[in-house]
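# Examining the three-dimensional arrangement
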Amino acid sequence: MAEEKKRIGVMGGTFDPIHIGHLTIAEAAREALRLAEVIFIPAAEPPHKPERRGASAEHRLRLTQLAVGSNPFFRALDVEMKRKGPSYSYDTLRALVETHGDHADFYFIIGGDELNTIFTWHRILELFSLCHFAAARRKGAPISLTDVRARLGEEVLSRIHCVETPELEISSTDIRRRLQEGRSIRYLVPESVETYIYKEGLYQ
Ligand code: ATP
Ligand code: MG
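To keep things clear, this report deals only with the structure shown in the data block.

Conventions we followed
- Residues numbered from 1 in each chain as written.
- Chains lettered and ligands numbered in written order.
- Predicted model: local features only at pLDDT ≥ 70, side-chain atom pairs only at ≥ 80, totals over all residues.
- Heavy atoms only, no water.
- Helix = DSSP H or I, 4+ residues; strand = E, 2+ residues; numbered from the N terminus.
- Rg over C-alpha atoms; globule rule 2.2 N^0.38 Å.
- Buried < 20%, exposed > 50% of the residue type's maximum accessible area, 1.4 Å probe, protein only.
- Contact = heavy atoms within 4.5 Å.
- Areas by Shrake-Rupley, 256 points an atom, 1.4 Å probe, with all protein chains shown as cover.
- Lys, Arg positive; Asp, Glu negative; His and termini not counted.
- Charge placed at Lys NZ, Arg CZ, Asp CG, Glu CD.
- Salt bridge = Lys/Arg side-chain N within 4 Å of Asp/Glu carboxyl O.
- Near = heavy atom within 4 Å.
- Polar contact = N/O pair within 3.5 Å; in protein donor to acceptor, adjacent residues only side chain to side chain.
- Nonpolar A, V, L, I, M, F, W, Y, C, P; charged D, E, K, R; others polar.

Let's shift gears to the overall build of the chain. Along the chain, the regular secondary structure elements total eight helices and six strands. Order of helices (α) and strands (β) in the chain, N terminus to C terminus: β-α-β-α-β-α-α-β-α-β-α-β-α-α. Relative to the globule expectation of 17 Å for 204 residues, the C-alpha radius of gyration of the chain, 17 Å, shows essentially globular dimensions. A principal-axis box enclosing the C-alpha atoms of the chain has dimensions of 55 × 35 × 35 Å. Relative to its 204 residues, the chain shows a buried fraction of 47%. When contacts within the chain are restricted to residue pairs at least 6 apart in sequence, those whose partners lie at least 24 apart make up 75%. In the form shown here, the chain has an accessible surface area of approximately 11,000 Å², with 48% of it arising from carbon and sulfur atoms. Here the chain carries 28 positive and 29 negative side-chain charges, and the mean point of each set is 3 Å from the other.

In structure tokens, the structure reads:
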């Protein structure tokens, strides 16, 4: 019988800043799909958000490291930040697959709302051949696979796994807005993240 491959979760995002919503879906996917670990990869230059105004790549990486530090199954990786130019998930997964050879299966963890636009991603069909997707149900954005099926075909559906998560209506956008308005972000981000944001005066 073939040996079961190690399953590795990949959590990509701008993480500007990382919040409890990100950590919750990663932990839910880890548990539901029996992932050996989840690698958090902050994007250097998000291809979809060129005009974004937020924290530097270095600050976002540090915030991510602080947030995942207390979970032995989580770690942060700076592969996208080391690469020049826009970082595409396809390039990142290719690099991970090359590093781990045939010994691992990758599960890209995304908010369910991402499925509505996933067919616009760079080299999406090739990405589906490199990894599975773990889609978390996110409030206000019910998961519909109709568009994905219509645009990418029936075959990709077997690579999409829906994961039930507590629905947390938290976004980085809302956290940045709160900070600008001098409002509380307590309990929306880990305490270590909150402390670092104030110490460095981010998003003020
Ligand atoms: P922004 O408001 O700046 O767009 P965000 O909160 O959406 O930030 P991202 O870094 O853009 O965070 O998201 C990374 C991934 O996490 C995406 O797949 C997104 O769908 C998912 N995600 C973010 N917040 C939540 C949440 N509260 N519940 C479930 N998934 C989430
Ligand atoms: Mg977003």
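Let us now look at the environment of Thr-24. Tracing the backbone through its elements, the reader meets Thr-24 in helix H1 (residues 20-33). Between the alpha carbons of Thr-24 and Thr-165 there is a distance of 7.3 Å; along the sequence they are 141 residues apart. The residues contacting Thr-24, other than those within four sequence positions of it, are Pro-166 and Leu-168.

The next thing to look at is the pattern of salt bridges. Applying the stated criterion across every chain yields a total of 13 salt bridges. Across the salt bridge formed by Arg-149 and Glu-154, the nearest N and O atoms sit 3.3 Å from each other. Take Arg-149: its relative accessible area is 37%, and that puts it in the partly exposed class. Of the charged contacts in the structure, one is a salt bridge between Asp-174 and Arg-178, with a shortest N-O distance of 3.0 Å. Taken together, the positions of Asp-174 and Arg-178, both in helix H7 (residues 172-180) and four residues apart, correspond to about one turn of that helix.

Looking at ligand 1, there are 21 residues lining it, with His-22, Leu-168, Ile-170, Ser-172 and Thr-173 nearest. Asp-113 places a side-chain nitrogen or oxygen 3.1 Å from an oxygen atom of ligand 1. For ligand 1, an oxygen atom lies 2.8 Å from a polar atom in the backbone of Ser-172. Considering ligand 1 on its own, with 600 Å² of exposed area, one finds that the protein chains cover 90% of that surface. The set of elements that each furnish at least two residues to the shell around ligand 1 consists of strand E1 (6-13), H1, strand E4 (104-111) and H7. Its residues assigned to classes, the shell around ligand 1 comprises six nonpolar, 10 polar and five charged.

Our focus in this paragraph is unusual backbone geometry. Note the cis peptide between Asp-16 and Pro-17, where omega equals 0°. On the secondary structure map, Pro-17 appears in the loop between E1 and H1. For Tyr-187, which is not glycine, the phi dihedral falls at a positive 75°. Examined against the element boundaries, Tyr-187 turns out to sit in the loop between H7 and helix H8 (191-200). Positive phi, close to 60°, is recorded for Tyr-203, a residue that is not glycine. With respect to the element layout, Tyr-203 can be found in the segment after H8.

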